[in-house]
Amino acid sequence: MADKPLYYGSSKSSGPMYYGSSKASSPMYYGGGQGPMYYGGGMKYGGAYGNYGSYGSYGAYGNYGGQGEDGSIVGTITLSRAIRVISQRWLSVFVFLLVGLIIAFAVYRISPTIYEAKSEFTMDMRRMTRNPSGTMENIIDDFGQNYAEIFNTRVPDWRSDKIVMMIQQQYRTTHPSSTVSDDDLVATLADSQLELQRNSRIITISVRSKSPQLAAALANAYAESIEAYSDEENRVRCDKAVKDTHQNVEKQRRDVDRLAKQIVDFRTANKVDNLRSSRDTIQQGLQKTTADILALETQETQLTEWEKLLQAVQKDPETFGNLSAGVPRAEEIAKEYRAFQDASGAYQSLLVSFTENHPEVVAKKKELDLAKQRFLDATSRALHTGRSTLQVVRNQLASLRQKQADLRNDLTSVAQLIVLAESGLGQLETEFGAATRLLESYQLEESKMRTLAESNNEMVRLGRPATVPSKPILPNPIIIFGLGVVLSLGLGFLFVLVIDNLEDTVVNLADIESRLALKVLAVLPHVRRKRREQVARFAIEDKYSQFSEAVAGLRNLLDSPRYEAFTHCILVISTQPGEGKTITSTSIAISHAQTGKKVLHVDFDLRRPRLARIWGFELTEDRSFSHVLQAANGGKTPDFSKLVNKSTVPGLDVICSLPPDGVSPATIFGSAPVRDFFEWARANYDRIIIDSPPYGVVGDVVSLAAQADSVLIMCCPDRTHFKPIQHCSRSLTEAGANIIGVVVNDVEISSVSAFDPSSHRGYGYGYGYGYGYGYRPKGEAKKGAESKDGADAKSADGKKSSDSGLRTRRTAANEEFTDEE
């Protein structure tokens, strides 16, 4: 028995795999692989248990709700989960949408109506220039991209208190009968905007107000006030001329020209440029020579290794492996070696049938010796060629290394001459740099003064006046209702994600394999029967049904080489009653017995035994498993063979228990008689299937799991919770149990959606294996009871199935025993 959970192995295959595990391009039905897994494992997950999250206080498992595996209350958000949650809870999202639209409508109705009026004016910059007659005149200057900077510089002045006062005066002048107070005018102007239109000199003034007339009047007054303010500033601003710094600039420019001439003369006299050119040429040649040396050294190393390899092959041809394509005569050597290998194989084959002195063996020995000699000759020729090439490479290396040394000496000589020449040139360049910087500072000062004198003039003229707006700009129904729809849908989506995460129930295969890191070994369809006994024995009644085929597929997987070593004694558990543990264990036992194995089905649910009722056995206390174990604890030696009940299925024995009247199950589990029973069962049966009590309700499962070879965990969609399974998996694994996977039970699957090869929404049992569903060949109906197994037929090509709708639809009849199992 393994002491760790069994994970996925892998092998590569391009076709469907039916037993074992592989990486396949199509769905896998009885093994592991990538993609949906139905009777085998899926992808190997990094952790043994996944992220368990935090446990609260719900029995033994913690709270079923709480935060998701990523630590958030909404859980892990994936596309498949989002589609599933929205499809299931679209009504909640729709309610949020309606509420959002109602709120948006209310906001739209209570929002005040705002009008906006716009006026325009243009701003041009003037500068002084000298005309051909020698007099100064104003011209319009084009500042290009700097116009936006000028506008931003002027905006603070145009929004100053002085401008506001001028606007009020202008408004009172044009509207003497207005009753609007100054405070209202200031409040309205506070929200006004000045905007420079792109790629133009036009500036727009926007004023918003509840009154369209007031908005238009203030926009026009604003533009007129800016025009008046600019004219006043132009008159007040003193047009100062640029100070006479031109003489200093010209003097410094002459000093710079003199130093530049001295540098040119020095360069010509000392041939500095020629020396630098020679240095660059030598450096380039040295770099190329160094690169050539490195390449030849690499080639020399390769040839040396090849020489050693060929020498070793000559000594012992059997050590020959693969040669790279660069080895001399590699193809010839490989050809001769293959011939040598073929001759050796033929010779060895003859030795099996004849003696060494047999004529055919002697002739084949001569052929072998001849092939070996040809191989050694080819190796010798390649070795000679390689040695010749190696000698050529070494000669070239010696020549290049000498050339490298000469170039380095030349570079050193030229560098010394350059250092001597540059020592005098550096002093001249330092003086030239200082003179140039001083000239630039003089020029910058002159430029600043000139810019200051020329940029103080601006022309502002009114453009298009504002008109009374007819339509309000606020509230905007598109923005309000659009924002309401987006926010309500987002909140609704988050709400349903939170609700889905708090419910914590299993709804699809992807959730099981990704969140639990456990393989889904089988998916058992829902069986429409009213009584538990009918469902448990359904595999006997109809071995060609969907349910029987699914159980047979699970049995085939457990009998496969991957699991055979772990399935002698199988423990079937569930995390809570009502998940089909007893029915599934009974079906597995029946399916194994139908293959000719000797199977023992044991009812270890001592508190609520069910197998006696399922098989219709009448028990007494001396044949009750629980009572016998209880008596064994008291010192009485048990005879387990007397507990065996023969079922109607050949090869299937059942050990049952009576209700625990006067029996204490807690004292039985883990006792020596239980261990003795398992030793007796392993010695007498091919398969032992154990029906255990639910995990978490009592602590019996931990001791049973340690005795079993493997554990199967039952899962029921929309009923089983993640946290109990996570807690169960962790606890059992820490106790040394070998959990091989999960069996999903009671799945409602229609024959059209699940088994039609053209459907993409089935659950992936495959299509057409066995004799199909609802169809039997002629004559097979009578032979059904004689057939060992109806599930050994081929599995069809794996159609990719979707498990997004793995939901159960329990009928009213089924609900009568959900509180039992």
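Okay, so let's go over this structure. (Residues numbered from 1 in each chain as written. Predicted model: local features only at pLDDT ≥ 70, side-chain atom pairs only at ≥ 80, totals over all residues. Heavy atoms only, no water.)

With respect to the pattern of salt bridges
Consideration 1: Throughout the structure, instances matching the rule amount to 22 salt bridges.
Consideration 2: With a shortest N-O distance of 2.6 Å, D182 and R172 are connected by a salt bridge. Here the residue D182 occupies a position in helix α5 (residues 182-190), and R172 occupies one in helix α4 (residues 161-174), the gap between them amounting to 10 residues.
Consideration 3: Residue D182 is classed as partly exposed on the basis of its relative accessible area of 36%.
Consideration 4: Linking R687 and D559 is a salt bridge whose minimum nitrogen-to-oxygen distance equals 2.9 Å. One end of the pair, R687, is in strand β11 (residues 687-691); the other, D559, is in helix α15 (residues 546-559), with 128 residues separating them in the sequence. (Salt bridge = Lys/Arg side-chain N within 4 Å of Asp/Glu carboxyl O. Helix = DSSP H or I, 4+ residues; strand = E, 2+ residues; numbered from the N terminus. Buried < 20%, exposed > 50% of the residue type's maximum accessible area, 1.4 Å probe, protein only.)

Details of the environment of K636
Consideration 1: By secondary structure assignment, the location of K636 is in the loop between α18 (625-633) and β9 (645-646).
Consideration 2: Classification of K636 as exposed rests on a relative accessible area of 60%.
Consideration 3: Sequence-wise, K636 and P673 are 37 residues apart; in three dimensions their C-alpha atoms are separated by 9.9 Å.

Side note on the nonpolar core
Consideration 1: Formed by 49 residues in total, the largest nonpolar core has its most connected members in F604, F677 and L732.
Consideration 2: For this core, the element with the most residues is helix α20 (residues 672-684), which contributes 5 residues.
Consideration 3: Non-local contacts of L732, meaning those with residues more than four positions away in its chain, are made with I573, Y695, V701, V702, A705, V711, A737 and I739.
Consideration 4: Counting residues in each nonpolar core, the second largest holds 38 residues, with I583, I588, I590 and I740 among its members. (Core = buried A, V, L, I, M, F, W, Y, C linked by side-chain atoms within 4.5 Å. Contact = heavy atoms within 4.5 Å.)

Concerning the sheet that holds strand β8 (residues 599-603)
Consideration 1: Spatially, β6-β13-β12-β7-β11-β8-β10-β9 is the arrangement adopted by the 8 strands of the open sheet, whose pairing is mixed. The two strands at the open ends of the sheet, each matched to only one other strand, are β6 (520-525) and β9.
Consideration 2: Taken together, the 4 bridges between β6 and strand β13 (residues 739-747) define a ladder with parallel strand orientation. The partner of V523 across the bridge, within β13, is V744.
Consideration 3: Together, β6, β7 (569-573), β11, β12 (710-715) and β13 form the strand contacts of α15, whose direction differs from that of β6 by roughly 165°. (Pairing = 2+ DSSP bridges. Axes fitted to C-alpha atoms, helices over the stretch in contact; angles between N-to-C directions.)

With respect to the packing of α18 against α20
Consideration 1: At their nearest, the axes of α18 and α20 sit 8 Å apart, and the two run at 120° to each other. The pairing of α18 with α20 is recorded here as oblique in orientation. Across the interface between the two elements, F625, L629, A632 and N633 from α18 touch P673, V674 and F677 from α20.
Consideration 2: In terms of residue class, the contact of α18 with α20 is made up of 6 nonpolar, 1 polar and no charged. (Parallel < 35°, antiparallel > 145°, perpendicular 65-115°, else oblique. Nonpolar A, V, L, I, M, F, W, Y, C, P; charged D, E, K, R; others polar.)

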